[in-house]
Amino acid sequence: MSAVSKIQIQHGCSFVTAYKTEGICQFVTKHKKELQEILHNKDRRELETLFQQDNILDYGERIKLCRYLGDHRKDFCLVLDDGVKEEVQRYLVRYFQKG
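The notes below deal with the structure included here.

The rules behind each value
Residues numbered from 1 in each chain as written. Predicted model: local features only at pLDDT ≥ 70, side-chain atom pairs only at ≥ 80, totals over all residues. Heavy atoms only, no water. Helix = DSSP H or I, 4+ residues; strand = E, 2+ residues; numbered from the N terminus. Expected span 1.5 Å × (residues − 1). Buried < 20%, exposed > 50% of the residue type's maximum accessible area, 1.4 Å probe, protein only. Contact = heavy atoms within 4.5 Å. Polar contact = N/O pair within 3.5 Å; in protein donor to acceptor, adjacent residues only side chain to side chain. Core = buried A, V, L, I, M, F, W, Y, C linked by side-chain atoms within 4.5 Å. Salt bridge = Lys/Arg side-chain N within 4 Å of Asp/Glu carboxyl O. Phe/Tyr/Trp six-rings, centres within 6.5 Å; stacked < 30°, edge-to-face > 60°. Patch = residues over 30% accessible without salt bridge, like charges linked within 9 Å, V, L, I, M, F, W, Y side chains within 5 Å. Areas by Shrake-Rupley, 256 points an atom, 1.4 Å probe, with all protein chains shown as cover.

**Here's the deal with helix α5 (residues 59–71)**
And then number 1: If you check α5, its first and last C-alpha atoms are 18 Å apart, about what 13 residues at 1.5 Å a residue would give, namely 18 Å.
And then number 2: Taken together, the buried positions of α5 are occupied by Arg-62, Ile-63, Leu-65, Cys-66, Tyr-68, Leu-69 and Gly-70.
And then number 3: Looking at the packing, one finds that the buried side of α5 touches α2 (15–30), α3 (32–41), α4 (44–51), α6 (73–82) and α7 (85–98).
And then number 4: Where α5 starts, the residue carrying a side-chain oxygen 3.2 Å from the main-chain nitrogen of Gly-60 turns out to be Asp-58.

Right, here's the structure in full:
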């Protein structure tokens, strides 16, 4: 079973939400240290620059996600610091379902 299918089943979300969640989750895992540094010490523009390396989201969605993460730094940092992949997935699924 693919990772996207597992996310769909675990979180009861659409394929598109699961696909975006898995892509961002992989990106976050790969760039965790950089992301934590930015969230703790830098502004949202640095976050946008980091996420430009990602091709999962289009420009508008990427800006919206960075704005959201920038506004909810503390929450996302707690999830990242825990290091549990399922928690990161749950956080992202909730974000994408809010629209």
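**What about the nonpolar core?**
And then number 1: Within the largest apolar cluster, 24 residues are counted, with the highest numbers of intra-cluster contacts made by Ile-24, Leu-35, Leu-47, Phe-51, Leu-69 and Phe-76.
And then number 2: For this core, the elements supplying multiple residues, two or more each, are α2, α3, α4, α5, α6 and α7.
And then number 3: Look past the residues within four positions of Phe-51 in its chain and what remains in contact with it is Ile-24, Phe-27, Leu-35, Arg-62, Leu-65, Cys-66 and Leu-69.
And then number 4: Counting 5 residues, the second-largest nonpolar core is a separate cluster that includes Ile-7, Cys-13, Ala-18 and Val-93.

**Comments concerning the pattern of salt bridges**
And then number 1: Under the definition given, this model contains 3 salt bridges.
And then number 2: Where Glu-87 meets Arg-90, a salt bridge forms, and the shortest distance between an N and an O atom there is 2.4 Å. Within this pair, Glu-87 and its partner Arg-90 are both found in helix α7, separated by 3 residues, close to a single helical turn.
And then number 3: Since its relative accessible area comes to 35%, Arg-90 is described here as partly exposed.

**Describing the packing of aromatic side chains**
And then number 1: Tallying each qualifying case throughout the model produces 6 aromatic pairs.
And then number 2: Ring centres of Phe-76 and Tyr-91 lie 5.1 Å apart, and the angle between their planes is 45 degrees; on these two criteria the pair is classed as tilted. Here Tyr-91 lies in helix α7 and Phe-76 lies in helix α6, a separation of 15 residues in the sequence.
And then number 3: By relative accessible area, which is 9% here, Tyr-91 ends up buried.
And then number 4: Ring-pair connections join several aromatic residues into one group, and the members of that group are Tyr-68, Phe-76, Tyr-91, Tyr-95 and Phe-96.

**What to know about a nonpolar patch on the surface**
And then number 1: Taken together, Phe-15, Val-16 and Tyr-19 make up a surface patch of nonpolar side chains, about 320 Å² in accessible area.
And then number 2: Positionally, Tyr-19 belongs in helix α2.
And then number 3: Among the residues examined, Tyr-19 registers a relative accessible area of 42% and is labelled partly exposed.

**Regarding the environment of Gln-10**
And then number 1: In this fold, Gln-10 is placed in helix α1 (residues 3–11).
And then number 2: Expressed as a C-alpha distance, the spacing of Gln-10 and Leu-47, which sit 37 residues apart in the sequence, is 28 Å.

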